[in-house]
Amino acid sequence: MRENILSIIEKYQKDHRRLMDILIAIQDTYRHIPDEAVDILADQLDLSKVDVEQTISFYHFLSREPVGKYAIYLNDSAVANISGRAEVVQAFEEELGISFNNVTADGLIGMWDTADIGMNDQEPAALINGAVFTKLTPKKVKNLVAGIKAGKDIPDLVTEIGEEVNGPAALSTMVTNNIRQKGAILFSDDYEVGQALKQAIAQTPEEIVTEVKQSNLRGRGGAGFPAGLKWDFCRQSGGDEVYLICNADEGEPGTFKDRVILTELPKLLFEGMAIAGYAIGAKQGIVYLRYEYRYMQAYLESILQELRDQNFLGKNIAGKAGFDFDIRIQLGAGAYVCGEETALIESLEGKRGEPRNRPPFPVQRGYLDKPTVVNNVETLCSVVQVILEGAEWFKSFGTSESAGTKLLSLSGDCKNPGIYAVEWGVTVQKLIRRAGATNVQAVQIGGPSGMCIGPDQFNRQLAFEDLATGGSLIFIGEERDLLGDFVVNFMDFFIDESCGSCAPCRSLNVILRNKLLKILDGKGTNQDIDELYKWAGVGRVTNRCGLGQTAANPILSTIENFRHLYEDLVETNENFVSTFDLKDSVAESNAAVDREFVLPHKTR
Amino acid sequence: MTKPVLATTSLAGCFGCHMSFLDIDERILELIDLVEFNKSPVDDIKTFTKQCDIGLIEGGCCNSENIEVLKDFRKNCNILVSVGECAIMGGLPALRNGISIKECLEEAYLDGPTVKANTEKIMPNDEELPMLLDMVYPCHEIVKIDYFLPGCPPRADLIWNALVALVTGDELKMPYEVVKFD
Ligand SMILES: Cc1cc2nc3c(=O)[nH]c(=O)nc-3n(C[C@H](O)[C@H](O)[C@H](O)COP(=O)(O)O)c2cc1C
Ligand code: SF4
Ligand code: SF4
């Protein structure tokens, strides 16, 4: 083992900042991170054991206990649940004779719950040793388990191909991309790699920044910060070492547009990165790719190589003397909060993905404390069209404050889940129709951290001036239990994904979830609803990062827009109902000391 | 005019909150003018003899007797105040909440390094003893609590100011010093 681990460490130049890669490689080989590995890592990388352990413990896909030779990670998002996840779980459990979150006695197969894997348009879906298995049914499960028991390799288990892209390293996966509507900016048919880049290097970096500024292109990752302005700030920070990071963490449940871009238009993205790199003066770009998308890693690497061969990456790019820029892919290891840009940077440096205090902002001090621009996949892709067609053309799409088009991931109760490229300003109603959703009770906009609206608001627009979104809509049909099936699931998600630094994020969300469960249990009071609403507002002002600031949104927005659902569950006029049951609560201690439940006991 | 009636108790607490209450120093003379004490360790009245206006609760609930006393307070006091971290959150005693009560008992009476004399391996189970709860509960999960005074213990000034505000109906004075905790 020692030799092997040393060689993995060697592969990453004994660099502690590559701890993520090293740990993932060890996890892949040994199916867990053994004690011995921790010792060797600490020793070789000049870290304390605790440093190594705390990084391991942070990430869902790194484990100190063996996860199984075949590790099955089954998505447990709300949409997976309404798509028949329970039957799939039951089938797995029956076939294997163990319950979820366990490993078979022979260590062959482990089954684990996992947060949204970006496949909401083809649930229930699971990752098995990195490969994606979609639209699972009990029958498919039977075949899978039989295949695994017969010792088949993962590629041989993939029996249906959704997407086949024939690059130098072909991508064959069960995942389908479901592009339902193409747009002028993304998925236009006349994209030719390199054109925009050549056009860009004919201008000065300042001119590129000005053009992007004038286009009013705003970040597509959720917050909507103007891209040109961000680049300008980075340039102003000065210094000769600057980094460009592409945020491909896409962890918001229900969002899968970056997945589709990455498979369909990787060259567009990498070209956008090269242009951004040129504009801010970066020599190195990094794509932070969520672990769940590692099935496309080899394919993306091959595309990068192709671009290098064409001199669109590397040294003196496209013949421009002194323009050197290259891209590497950094895999995450399963943590939603790593989508937050400062957590992402921590993770890139091989640490726990805990958000930093801001300021300083990444454009001032980011990766390795150097000025860093972090942009979403879609933002960087849009840059290419801005350069090709000009700022004015770009602004001819969308609304006054939201220029251009937006890729939306639509899923949930609808006929045509998938990707839609639309102009900003489109109404929710229109999207409901396009997706073929009927009898819609509610639409979750922008994932769990966004908001949940009802029919009286379906005429609202998707735009930064109305309903801002990073790009997802989940349709929730009339027949669903909105609070029990969705809001609870969303709260559980945030509770699991909180990094734990801020007390209100760590504890208050648990308190809120439990209060909601109390109401769902028929033990709630009107005062509980009021308190829930009041307390849910606290996190917004007391937590450090966007996760904690929005984690209570599922509760806040459903109380605002669906208060009747809460009130219908309240069965009493009392303003206080306790869920405490004395008999239950003393049962364990009485059993331990061999004593009967007698009340009232004799008091002193 | 009759004086407002005050009751106090310590449940699963360390009496530190009561000690802090006594830290009001010479204001204890004003206190006697301000309120009449009923059930409380301060005057050693063991059972309620009349309906009270205010009940101060120190400590959370770790056993069946705490539950009984707390419910008794709720019945006999118009306003209940959770005083201190233990009453509000369970406090130090709630550190056992992550460990099963069976394990706690075994550690305390059978396996702990300081357990020497218990050769017969007896676990206390006399029916006169309160029964232990599976966890230490904050008071507001058992009965409705009207107000909360944070701190471990809350400063004497905070307890005093809150009491005066409740009795006089004036706004509670909360200068920064009385609610800062480090
Ligand atoms: C908890 C959390 C998760 C996030 N996840 C993502 C993500 O997966 N992808 C993304 O592009 N931005 C994500 N963001 C936003 C990033 O912090 C950052 O604003 C964005 O990457 C900037 O790029 P843009 O300006 O191009 O949108 C997340 C933010 C928070 C608070
Ligand atoms: S808000 Fe939550 S996720 Fe964000 S830093 Fe604080 S504890 Fe971590
Ligand atoms: S809050 Fe502090 S002082 Fe008060 S009872 Fe608890 S431990 Fe003692």
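Residues numbered from 1 in each chain as written. Chains lettered and ligands numbered in written order. Predicted model: local features only at pLDDT ≥ 70, side-chain atom pairs only at ≥ 80, totals over all residues.

Peer 1: Just checking my understanding: could you explain the pairing of strand β9 (residues 243-248) of chain A for this structure?
Peer 2: Within a regular beta strand, the side chains point alternately toward one face of the sheet and then the other, so they alternate between its two faces. Residues and elements named next belong to chain A. When you tally the buried positions in β9, you get 6 out of 6 residues, the bulk of the element. Relative to strand β10 (residues 284-289), β9 is paired through 6 bridges, and the arrangement is parallel. Of the residues in β10, the one forming a bridge with A248 is L289. Here β9 runs beside strand β12 (residues 372-376); their pairing, made up of 5 bridges, is parallel. Bridge pairing in β12 links Y243 to T372. (Buried ≥ 20, exposed ≤ 12 C-beta atoms within 10 Å, placed from the backbone. Helix = DSSP H or I, 4+ residues; strand = E, 2+ residues; numbered from the N terminus. Pairing = 2+ DSSP bridges.)

Peer 1: Where do I start with the domain arrangement of chain A in this structure?
Peer 2: The accessible area lost on association of the parts is a frequent measure of interface size. Each assigned domain of chain A is listed here: domain 1 (2-58), domain 2 (70-160), domain 3 (179-390), domain 4 (405-478) and domain 5 (483-569). Just the C-alpha atoms count here: the centres of domain 1 of chain A and domain 5 of chain A sit 38 Å apart. (Domains from an automatic or database assignment.)

Peer 1: What is the right way to read the site of ligand 1 from this model?
Peer 2: Residue and element names in this part refer to chain A. Around ligand 1 there are 21 residues in total, and G219, G221, G339, N376 and G546 lie nearest to it. Within the residue set of the shell around ligand 1, elements represented by two or more residues are β12 and α23 (546-550). Here the element with the most residues in the shell around ligand 1 is β12; it accounts for 3 residues. Taken together, the residues that form the shell around ligand 1 break down as 6 nonpolar, 10 polar and 5 charged. (Near = placed C-beta within 6 Å. Nonpolar A, V, L, I, M, F, W, Y, C, P; charged D, E, K, R; others polar.)

Peer 1: What is the right way to read the interface of chain A and chain B from this model?
Peer 2: At the interface, 19 residues of chain A touch 23 residues of chain B. Of the residues assigned to the side of chain A that touches chain B, the class counts are 8 nonpolar, 7 polar and 4 charged. (Contact = placed C-beta atoms within 7 Å.)

Peer 1: So what exactly am I meant to see when it comes to the sheet that holds strand β3 (residues 109-114) of chain A here?
Peer 2: Strands belonging to one sheet form pairs held by backbone hydrogen bonds; the direction of such a pair is parallel or antiparallel. All names here are of chain A. In space, the 5 strands of this open sheet follow the order β2-β3-β1-β4-β5, with mixed pairing throughout. The open sheet is flanked by β2 (102-103) and β5 (131-133), the only strands paired with a single partner. Pairing of strand β1 (residues 70-75) with β3, which is carried by 6 bridges, proceeds in the parallel orientation. Each bridged residue has a counterpart across the sheet, and for Y70 the counterpart in β3 is I109.

Peer 1: Please clarify how the site of ligand 2 should be interpreted in this entry.
Peer 2: All names here are of chain A. Near ligand 2 you find 14 residues, and of these C499, C502, C505, C545 and G548 are the closest. At the level of elements, α20 (503-520) and α23 are the ones that each hand at least two residues to the shell around ligand 2. When its residues are assigned to classes, the shell around ligand 2 shows 7 nonpolar, 5 polar and 2 charged.

Peer 1: I keep staring at the sheet that holds strand β11 (residues 326-331) of chain A and nothing clicks. Help me out?
Peer 2: All names here are of chain A. Strands sit in the order β11-β10-β9-β12 across an open sheet of 4 strands; the sheet is parallel. Edge positions in the sheet fall to β11 and β12, since each has one partner strand and no second. Averaged over all neighbouring strand pairs, the angle between strand axes comes to 25°, with direction disregarded. (Axes fitted to C-alpha atoms, helices over the stretch in contact; angles between N-to-C directions.)

Peer 1: What am I meant to see in the packing of helix α1 (residues 2-11) of chain A against helix α2 (residues 19-30) of chain A here?
Peer 2: In a packed pair of helices, the relevant descriptors are the angle between the two axes and the axis-to-axis distance. All names here are of chain A. For the pair α1 and α2, interaxial distance at closest approach is 9 Å and the crossing angle is 145°. Here α1 and α2 pass one another in a crossing that is right-handed. Two secondary-structure elements touch here, α1 through N4, I5, I8 and I9 and α2 through I22, A25, I26 and T29. Looking at the contact of α1 with α2 residue by residue, the class counts come to 6 nonpolar, 2 polar and no charged. (Left-handed = near helix turned anticlockwise from the far one by under 90°.)

Peer 1: Can you walk me through the packing of helix α10 (residues 205-214) of chain A against helix α13 (residues 266-280) of chain A in this structure?
Peer 2: Residue and element names in this part refer to chain A. In the contact formed by α10 and α13, the axes pass within 7 Å of each other and the chain directions differ by 115°. As for the relative orientation of α10 and α13, their crossing is left-handed in sense. Side by side, α10 and α13 meet where P205, I208 and V209 of the first sit next to I275, Y278 and A279 of the second. Classifying every residue of the contact of α10 with α13 by side-chain character gives 6 nonpolar, no polar and no charged.

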